[in-house]
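# Structural characterization, general
Next come the chains, spelled out residue by residue.
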Amino acid sequence: QVQLVESGGGLVQAGGSLRLSCAASGSIFSINEMGWYRQAPGKQRELVALITRDGSANYADSVKGRFTISRERDRSKAMVYLQMNSLQPKDTAVYYCSASVTGFIHWGQGTQVTVSS
């Protein structure tokens, strides 16, 4: 089992920055990819960014050049971060951390990001 806890969301003006953090605990050595998804009101959850064990990252076209995903791990926990720059109102959503273990994706509880114009 893997437990995920996000932090770092909040309210920011357009053009501003936020850094989201996600702490994974439990069976962290079984985790393959970690990532961030988001869900805006009335819309489906969508991929924002993914990062593999070796640090290879992929981004949604809508965030390329503005968001950066990174990860680190020690003996007791794994962390994944999302640095978000040049935020726009369209980035407003609940952001969810994910951790994939063979055949299953674990989710965090989500953190709200609101960008005002």
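The following refers to the structure shown. (Residues numbered from 1 in each chain as written. Predicted model: local features only at pLDDT ≥ 70, side-chain atom pairs only at ≥ 80, totals over all residues. Heavy atoms only, no water.)

### Remarks on the packing of aromatic side chains
Where two aromatic rings form a pair, the distance of their centres and the angle of their planes describe that pair. Taken as a whole and judged by the stated rule, the model has one aromatic pair. Just above the ring of Tyr81 sits the side chain of Arg19; from NZ or CZ to the centre is 4.0 Å. For the cation-ring pair, Arg45 lies above Tyr96, with the distance from its terminal atom to the ring centre recorded as 3.7 Å. (Phe/Tyr/Trp six-rings, centres within 6.5 Å; stacked < 30°, edge-to-face > 60°. Lys NZ or Arg CZ within 6 Å of the ring centre and 35° of its normal.)

### Concerning the pairing of strand E8 (residues 78-84)
A large share of E8 lies buried, amounting to six of its seven residues. Here strand E7 (residues 67-73) runs beside E8; their pairing, made up of seven bridges, is antiparallel. Each bridged residue has a counterpart across the sheet, and for Glu72 the counterpart in E8 is Met79. The antiparallel hairpin formed by E7 and E8 contains four residues in its connecting segment. (Buried < 20%, exposed > 50% of the residue type's maximum accessible area, 1.4 Å probe, protein only. Helix = DSSP H or I, 4+ residues; strand = E, 2+ residues; numbered from the N terminus. Pairing = 2+ DSSP bridges.)

### Remarks on the state of the cysteines
Summed over the entire model, instances satisfying the criterion amount to one disulfide. The disulfide partner of Cys22 is Cys97, and the gap between their sulfur atoms is 2.1 Å. Its S-S torsion of approximately -80 degrees makes the covalent link between Cys22 and Cys97 left-handed. On the criterion of sequence distance, the pair formed by Cys22 in strand E3 (residues 18-26) and Cys97 in strand E9 (residues 93-101) is long-range, its members being 75 residues apart. Judged by its relative accessible area of 0%, Cys97 falls in the buried class. (Disulfide = S-S within 2.5 Å.)

### Details of the side chain of Ser100
For Ser100, the location among the structural elements is in strand E9. Contact partners of Ser100, with chain neighbours within four places excluded, come to Ser30, Ile31, Asn32, Glu33 and Ile105. (Contact = heavy atoms within 4.5 Å.)

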